[in-house]
Amino acid sequence: MPLISGTQVAEKVLAECHRDIAALKARGVTPGLAVVLVGDDPASRAYVRSKDKKCRDLGLHSVKLELPATTSQAELLEVVAKLNADPAIHGILVQSPPPKQIDEAAIVRAIDPAKDVDGFHPVNVAKLALEDPTGFVPCTPLGCQRLLIEAGIETKGAHAVVIGRSMIVGKPMAMLLMAKGPGGDATVTVAHSRTRDLAAITRQADIIIAAIGRPYFVKAEHVKEGAVVIDVGINRVEAPDTEKGYKLVGDVAFDEVAPKCRAITPVPGGVGPMTIAMLMANTVKACKQSLQ
Ligand code: NAD
């Protein structure tokens with residue numbers, strides 16, 4: 001069973017970004033990404049730090065704005081408006097989840113769609129549905145599709161089952177897989193928490209994308225022999241024998257599923273590194289499009 005290494009593919013994506021950034025700098029433009037964090041959630045803080053570091057490693061202009069947990073909706077909207085107007089910033093991301101006084105959907109709608117590198121703005125959701133290549137696609141499903149392409153997995157005519165229907169992963173993943181072209185042209189089934197007899201459906205899949213948020217949820221009984229499995233899940237489970245006392249595992253029970261697979265992504269080292277690489281790629285794309 002070959003492993004699909006997200007770490008390796010992410011390196012390739014970042015090398016492409018690096019080349020594009022050098023070419024843009026030669027034209028006098030540096031792609032810029034602003035990441036806004038409201039509050040002090042430790043996991044969000046860690047994500048924001050790693051995004052900022054990745055930007056700097058690549059030579060992107062990185063702006064990290066850390067706002068207090070008491071920030072009001074109006075104050076945050078003002079920050080977004082300033083970033084929308086700032087020509088040095090090509091991509092804007094407001095780290096989720098914000099504190100409860102913030103209406104996240106309204107913030108997403110306030111971001112200039114041309115700078116919405118997360119791909120959550122309704123304009124970009126529509127562009128994905130319309131297969132308009134100028135839109136921004138959410139980074140995690142975009143990374144999953146790139147993994148399939150790089151691993152040489154034929155999606156055309158394949159039956160892909162996406163488990164999960166979130167706006168961040170499941171729904172855009174399904175749209176990407178059913179779109180025309182490389183990494184698309186699949187016959188797509190979307191399963192979710194109300195799906196009856198899930199295993200009977202997933203056992204028909206040539207490709208399973210698991211985005212559920214439950215550790216070890218997809219078992220051997222869910223997977224047919226020779227299927228390809230992309231595990232999006234990142235779940236913290238207790239591991240008393242480790243230094244931290246916990247470890248990160250996917251939504252797939254890797255040990256029992258992997259032997260049945262034609263290919264599978266590990267956790268960690270699968271979809272995770274792709275998400276941040278595609279964020280960088282989306283920022284470079286936003287910068288290029290701003291010059292047209
Ligand atoms: P979510 O909670 O928004 O959505 C989970 C989906 O799973 C829902 O649509 C729900 O219908 C479905 N589901 C729940 N129980 C189910 C069941 N019993 N049977 C079938 N479907 C069921 O989560 P999300 O934001 O889409 O994230 C999913 C997972 O992916 C999480 O583990 C998250 O941490 C991970 N994630 C990873 C990355 C990454 O970079 N690798 C990025 C985003 C999310």
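Provided above is the structure to which this section pertains.
All values derive from a computational prediction rather than experimental measurement.

*Asks:* What is the right way to read helix H2 (residues 42–58) from this model?
*Replies:* Quick reminder: α-helices carry 3.6 residues per turn. Residues three or four places apart thus point the same way. Taking 1.5 Å per residue, 17 residues should reach 24 Å; H2 reaches 25 Å between its end C-alpha atoms and fits that length. Buried residues in H2 make contact with helix H1 (6–26), strand E1 (32–38), strand E2 (61–67), strand E3 (91–94) and helix H10 (271–290). After H2 finishes, the residue Gly-59 shows a positive phi value of roughly 90 degrees.

*Asks:* Mind showing me how you'd approach empty space enclosed by the protein here?
*Replies:* Space left empty within the atom packing is revealed by a probe, the size of a water molecule, rolled over the atoms. Under the definition given, this model contains one cavity of 30 Å³ or more. For the largest cavity, the calculated volume is near 70 Å³. Lining of the largest cavity is provided by Gly-119, Asn-124, Val-125, Leu-128, Phe-136, Pro-138, Met-167, Lys-171, Pro-172 and Met-175. When residues of the lining of the largest cavity are traced back to their parent elements, those giving at least two are helix H5 (122–130) and helix H7 (170–178). Across the lining of the largest cavity, the residue classes tally to seven nonpolar, two polar and one charged.

*Asks:* It is not clear to me how the site of the ligand should be interpreted in this structure. Could you clarify?
*Replies:* In the region of the ligand, 21 residues are neighbours, and Arg-165, Ser-166, His-192, Ser-193 and Thr-275 sit closest. Contact distances for the ligand include 2.8 Å between an oxygen atom and a backbone N or O atom of Arg-165. At 3.4 Å, a backbone N or O of Val-232 approaches a nitrogen atom of the ligand. Computed on the free molecule, the ligand has an accessible area of 850 Å², of which 73% lies beneath the protein chains in the complex.

*Asks:* How should the state of the cysteines be read in this particular structure?
*Replies:* Two cysteines, two sulfur atoms, one covalent bond between them: this is a disulfide. Applying the stated criterion across every chain yields a total of zero disulfides. Unpaired in this structure, Cys-139 has its nearest cysteine sulfur neighbour in Cys-17, at a distance of 11 Å. Classification of Cys-139 by relative accessible area gives buried; the value is 6%. Cys-261 forms no disulfide, and the closest cysteine sulfur to it belongs to Cys-144, at a distance of 15 Å.

*Asks:* Teacher, can you tell me more about the side chain of Thr-283 here?
*Replies:* Relative to the helices and strands, Thr-283 is located in helix H10. Residue classification places Thr-283 among the buried positions, given a relative accessible area of 0%. Once residues lying within four places of it in the same chain are set aside, the contact partners of Thr-283 are Pro-31, Gly-32, Leu-33, Leu-60, His-90 and Val-117.

*Asks:* Help me understand the pattern of salt bridges, please; the structure alone is not making it clear to me.
*Replies:* When the charged atoms of two side chains with opposite charge come close together, those side chains can pair. In this structure the tally under the stated criterion is nine salt bridges. Lys-288 is the salt-bridge partner of Asp-20, the closest N and O atoms lying 2.9 Å from each other. With Asp-20 in helix H1 and Lys-288 in helix H10, this pair connects stretches of sequence that are 268 residues apart. Residue Asp-20 is classed as partly exposed on the basis of its relative accessible area of 26%. By relative accessible area, Lys-288 is classed as partly exposed at 36%.

*Asks:* Got a minute to help me understand the nonpolar core in this structure?
*Replies:* Here is a general trend for soluble globular proteins: nonpolar side chains tend to be buried in one another's company. The biggest cluster of nonpolar side chains holds 53 residues, and the ones touching the most others in it are Leu-148, Leu-177, Ile-207, Ile-209 and Met-280. A total of ten residues in this core trace back to one element, the largest contributor, which is H10. Residues contacting Leu-177, with those up to four places away along its chain left out, are Leu-148, Thr-155, Ala-160, Val-162, Gly-183, Gly-184, Asp-185, Ala-186, Val-188 and Ile-209. Membership of the second largest hydrophobic core comes to 16 residues, among which are Ala-205, Ala-210, Val-218 and Ile-264.

*Asks:* Any chance you could explain the layout of surface pockets here in plain terms?
*Replies:* The volume enclosed by the largest pocket comes to roughly 1400 Å³. Contributing to the lining of the largest pocket are 44 residues, with Tyr-47, Thr-140, Ile-234, Gly-272 and Thr-275 lying nearest its centre. Sorting the residues of the lining of the second largest pocket by element identifies H1, H5, helix H6 (139–150) and H10 as the ones contributing at least two each. No other element matches the six residues that H10 contributes to the lining of the second largest pocket. A class-by-class count of the residues in the lining of the second largest pocket yields 14 nonpolar, five polar and nine charged.

Conventions and cut-offs
Residues numbered from 1 in each chain as written. Predicted model: local features only at pLDDT ≥ 70, side-chain atom pairs only at ≥ 80, totals over all residues. Heavy atoms only, no water. Helix = DSSP H or I, 4+ residues; strand = E, 2+ residues; numbered from the N terminus. Expected span 1.5 Å × (residues − 1). Contact = heavy atoms within 4.5 Å. 1 Å grid on protein atoms, 1.4 Å probe; cavity = no way out; pocket = protein on both sides within 12 Å on 5 of 7 lines; lining within 4 Å. Points joined across faces, edges and corners; volume = space filled by probe spheres on them. Nonpolar A, V, L, I, M, F, W, Y, C, P; charged D, E, K, R; others polar. Near = heavy atom within 4 Å. Polar contact = N/O pair within 3.5 Å; in protein donor to acceptor, adjacent residues only side chain to side chain. Areas by Shrake-Rupley, 256 points an atom, 1.4 Å probe, with all protein chains shown as cover. Disulfide = S-S within 2.5 Å. Buried < 20%, exposed > 50% of the residue type's maximum accessible area, 1.4 Å probe, protein only. Salt bridge = Lys/Arg side-chain N within 4 Å of Asp/Glu carboxyl O. Core = buried A, V, L, I, M, F, W, Y, C linked by side-chain atoms within 4.5 Å.

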